Amino acid sequence: MNYWNRRFTVFSIFFAALFLVGFFQSWNVAFAIFNICIISAIMALGVNIQVGYAGIFNAGIMGFAAIGGLAAVLISHPPVTETISIGGFSILLCGLIIGLVVAICILLNTRILLSKITRRLLISLTIIIGLFFINFIGSPAVEQIEAFEPAATGFLGGFGMPIIFSWIIGAIAAGFVAWLIGKITLGLRSDYLAIATLGIAETIIYVLKNEDWLTRGVKNVNALPRPVPYELSLQESKWFIEFCERYQFPLVETSSIIVKLCYSSLFLTVLIVLFSLFEIALKSPWGRMMRAIRDNEVSARAMGKNIKARHIEIFILGSAVVGLAGAMLTTLEGQFTPIAYQPLRFTFTVWVMVIIGGTGNNYGSIIGGFLVWFLWVEAEPFGLFIVEFVTSPLSETNSLRAHLINNAAHMRYVMMGLLLLLVLRFSPKGIFPEGK
Amino acid sequence: MAFLNATEMLGGYGETTILNSCTISVNKGEIAVIVGPNGAGKSTAMRAIFGMLRLKKGQIMFDNQDITNLKPQERVGLGMGFVPQTNNVFNSMTVLENLEMGGFLNNKDKDKNIQDIFSLFPILHEKRSQTLNELSGGQRQQVAVGRALMTNPKLLMLDEPTAGVSPIVVKELFQKITEISSKGIAILMVEQNAKQALAIANKGFVLVQGENKYTDKGSSLLKNKEVRKAFLGG
Amino acid sequence: MDYFNALALIINFIVIPGLTYGSQLALGALGVTLIYAVLRFSNFAHGELMSFGTMICILFTWLGQSYGFSFSFLPTALLFVPIAVIFCVLYCIVIEKFVFSFYRKQKADPIITLIASIGVMFLTAGLIRFIIGPGDQSFNDGVRFIFSVRDFKNFTGLEQGFGLKTTQALTIGITLFLSISLFWFLNSTKTGKSMRAFSDNEELALLSGIDPNKVVLVTWIIAGSLATFAGVLYGLDKIYKPFIFLQMLLPIFSAAILGGVGNPIGAFIGGYIIALSELIVTFAYKRVLGYILPENLAPDSMMQFLATDYKYAVSFIILVIVLIIRPTGIFSGKTI
């Protein structure tokens, strides 16, 4: 029961801090922070089952989050009929070719009759022929699609379905990519896995930045449909105006808080569901087996456990959760901006969350996600305050002072680094150690 | 007082005690052999004497100095040389470089020592610019011994030098070890080939569960019926 | 004649830039591989160390320029590289003292040290952005070309030609000099050999009386120096961007793994293989084929395997292939 006190205290501190932000900055800011805190917590949960349950170091979180973001675009954006009629068929054909190539490769790989070298040659040949066809069919189509009103569309659009579906699709897509990369890298040493996942993440982002026909690239996709009401429609609806008048709330601010609250409740639902599932999984025989494998691979292997298969399982699961969180983030922001995916922000910050919260502890991931995101946002005003204070002897127009004040926001990286180093050194088990 | 005197050693890893009032001593020019069943703490005794294991109790005197609390590197400086059982050479380096690394602290006699080692192990001279992973097991053991000799040790400690080498090579290695001891170097070794080792030994220690069971001249132990029956396979 | 034109195109667009970029990667990969071999962890902060050294060099170059320093036709920055090296090495030593030495003495799992290096990466990235800002900085004030494409064309009378930028010649020359010095150091000096011995078998190195602290110190001195040179040469040749160094981790690590982690010669060669493959795969061969094929076969399309934007992805593809086929790399690594 001791643990409960500790959990209660730590979470209370967080909510008190959030309350202070609401009170002194604004409630809008506080809820905006809180929403992303929840998403961060979900990402941290996903990463935590990889590192905490199985000891897998995934440095490609950014990529899986971006896949989720792409899913949000493809599911929710209305289809662009003009571009589809121009190049939709060719693109579909290319998709079929890719599917065919993947199928042939898998088939070739499982046919044990052929020698290793023949198998590899055939696989390479299949891929090269496939690439040739894709280039031949796809390139002209892509050029035409991208040339169509590039300032407004220039891409195929999506399926025009409710954006909530993308949460599931994003998770499935991220899981599929995790399966591919896991097949290759799991079973190798853990730092190879880290570098390979770093690579897959970067590669995914290059694709998203450059394949304009799919994502509009760096031109971004804006104004994705929302799962919750719009502020303007609230402000115009009669019941809402009456509601605000009755309690004397400011109309505009209240509407945006209500919208954020709607998001919060959606996100919280997901968080609670996932958290409960993970807690059950952790205490189930499956979870015990995972931890047994993590703690002693040699003896687990000796007991006949298929470690690589278990690792792939958990790698897929964790990455799918990150994909889900990525889709949620794009849903919340209402736009998809490939250049926003920076490894420091997406991959390594999530790592800080998991480690600070306590690897292997789901409560830890949640509080880690909450606290670190809170600090990440609040580091900016805080850093500014410190810089202004330190440089206050200098005159207002001093160029050094101006320069430092200008760069003060980057102190957040310094803070993340220090936080990670200090926790790793002095309290490596984090806020909530495993099992507590 | 013997040249090396390790008395009443008590120690182990963590909670488990492996050495239990174990006493080992060697004199200059002598060969002392530690034998005993698997898990008797033979290698642990060696590691303890060399300072790679912290003792809970006991004292180690070397050349009339108390070295109980010295680090392994400091013991090398005082004149102790150690050949571990495994990983006892630098695999990616050449024979010559291995010897040079052995003499890292002892620069002034380096060339002379290398010549001495080459005359002791002529094959190494031939293979001096080859890397260790190209050498046979016996040759690697020779390099390992040579590396330890580079520091001009007054006491050379060998942990199972003949493990995993062919019988012919075992014989040759024991010959070389006798040769080294005849130069006035004290030799302490742990051996699986107990009979052959005791045959060249001046002194033998039979360890059982970290305790001295028998301590006698090598030849007497070989004759001792109980020892033969229990430890030497009849 | 046409063949010479094709060759000139390939030299200008693949060979020279490939060797230049390869040199920059090789210097980075050498640092990564040395740290791996001696300190036994993958240093994710290496890109930021490169960035840090470069930033110091830029700051001193600005200071020097304001006092009227210049280095005739060479970039002024070269004068200040030694100072930058000293700062970067000092920074490495401070980091070692306060962060890495703790995990080394604990014999922590390499992955824990790797996570600590991510903390260092954050910290360094933040300091850099705080001090010099996140924007691009161009600091090359030397003469641009040793000879330009036009000089070459005028000289030979060919339709196509290749030029050599001062920074390209400098990069390749300095890299060769540094790498050869490093290999000589590792193979022929007592300290260098002791580093190899330590990397090969730590316990035996200790038994031989090799001082671990000295080995670690020398490793950081070398890694910090190489990182500074790599960063400065990259910045001179292209432009200094604080964001680029995290992206460069991928090709650098790919080069190190391709060559065999912990193997300096492997890292050196790996750097060039990665760089040349990037350019070979993303180069548009249309003009080259126009020269060597008969006219009726000349291609209409760009004849490009991958769009130039996917340059960095190439190193990932190579990495994946290496991991599938031969995870130990070309020269099976792990020790120096």
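So, here's what we can say about the structure. Quick caveat: nothing in here was measured; it's all calculated off a predicted structure.

## Here's the deal with the overall build of chain C
Looking only at helices and strands, one finds 13 helices and 2 strands in chain C. For a compact globule of 336 residues, the expected C-alpha radius of gyration is about 20 Å, and chain C comes in at 21 Å, within 12% of that figure. Projected onto the principal axes, the alpha-carbon positions of chain C cover approximately 70 × 55 × 35 Å. Burial statistics for chain C: of 336 residues in total, 61% are counted as buried.

## Examining the nonpolar core
By size, the foremost hydrophobic cluster in this structure holds 254 residues, and its most contacted members are F370 of chain A, M9, L155 and L188 of chain B together with F44 and W220 of chain C. A total of 17 residues in this core trace back to one element, the largest contributor, which is helix α2 (residues 27-54) of chain A. Beyond its immediate stretch of four places on either side in the chain, L188 of chain B contacts L4, I24, V26, A32, I34, M46, I49, L155, L156, M157 and L158 of chain B.

## Describing the packing of helix α18 (residues 411-426) of chain A against helix α3 (residues 77-106) of chain C
Packing of α18 of chain A against α3 of chain C brings their axes to within 11 Å, and their N-to-C directions diverge by 30°. The interaxial crossing formed by α18 of chain A with α3 of chain C has left-handed handedness. Of the residues in α3 of chain C, those in contact with L421, L424 and R425 of chain A of α18 of chain A are F98, V99, F102 and Y103 of chain C.

## Considerations on the environment of I356 of chain A
The topology assignment puts I356 of chain A in helix α15 (residues 343-357). Sequence separation between I356 of chain A and I367 of chain A is 11 residues; the distance between their C-alpha atoms is 8.7 Å.

## Digging into the side chain of N362 of chain A
Residue and element names in this part refer to chain A. Here N362 shows up in helix α16 (residues 362-390). The buried category is assigned to N362, whose relative accessible area is 0%. For N362, the residues in contact, after removing those within four places along its chain, are L45, N48, Y53, F275, F278, E279 and L282.

## Quick look at the interface of chain C and chain A
Each partner contributes to the interface: chain C provides 48 residues, whereas chain A provides 48 residues. Buried surface at the junction of chain C and chain A, summed over both partners, amounts to about 4200 Å²; 76% is from carbon and sulfur atoms. The largest share of the area that chain C buries against chain A comes from F122, F130 and Y310 of chain C, three residues that together contribute 18% of it. At the junction of chain C and chain A, the tally comes to 0 salt bridges. Where chain C packs against chain A, one counts 8 residue pairs in polar contact (both at pLDDT 80 or more). For the side of chain C that touches chain A, the elements supplying multiple residues, two or more each, are α3, α4 (110-132), α10 (244-259) and α13 (311-325) of chain C. Looking at which element gives the most residues to the side of chain C that touches chain A, the answer is α4 of chain C, with 18 residues. Partitioning the side of chain C that touches chain A into residue classes produces 39 nonpolar, 6 polar and 3 charged.

## Brief notes about unusual backbone geometry
Residues and elements named next belong to chain B. Residue N87 is not a glycine yet carries a positive backbone phi of 50°. Looking at where N87 falls in the secondary structure, it is placed in the loop between β6 (80-83) and α3 (95-102). Its identity is not glycine, yet E160 carries a phi of approximately 45°, on the positive side. Note that E160 resides in the loop between β7 (155-159) and α7 (167-182). Residue E160 is classed as buried on the basis of its relative accessible area, which comes to 7%.

## Remarks on the interface of chain C and chain B
Listed per partner, the contact involves 18 residues of chain C and 23 residues of chain B. When the two sides are added together, the surface that chain C and chain B hide from each other amounts to roughly 1800 Å², 57% of it contributed by carbon and sulfur. Considering only the side of chain C, the residues that lose the most area to chain B are K190, L204 and L207 of chain C, jointly responsible for 33% of the buried surface there. The interface formed by chain C and chain B contains 2 salt bridges.

About the criteria used
- Residues numbered from 1 in each chain as written.
- Chains lettered and ligands numbered in written order.
- Predicted model: local features only at pLDDT ≥ 70, side-chain atom pairs only at ≥ 80, totals over all residues.
- Heavy atoms only, no water.
- Helix = DSSP H or I, 4+ residues; strand = E, 2+ residues; numbered from the N terminus.
- Rg over C-alpha atoms; globule rule 2.2 N^0.38 Å.
- Buried < 20%, exposed > 50% of the residue type's maximum accessible area, 1.4 Å probe, protein only.
- Core = buried A, V, L, I, M, F, W, Y, C linked by side-chain atoms within 4.5 Å.
- Contact = heavy atoms within 4.5 Å.
- Axes fitted to C-alpha atoms, helices over the stretch in contact; angles between N-to-C directions.
- Left-handed = near helix turned anticlockwise from the far one by under 90°.
- Buried area = accessible area lost by both parts, 1.4 Å probe.
- Salt bridge = Lys/Arg side-chain N within 4 Å of Asp/Glu carboxyl O.
- Polar contact = N/O pair within 3.5 Å; in protein donor to acceptor, adjacent residues only side chain to side chain.
- Nonpolar A, V, L, I, M, F, W, Y, C, P; charged D, E, K, R; others polar.

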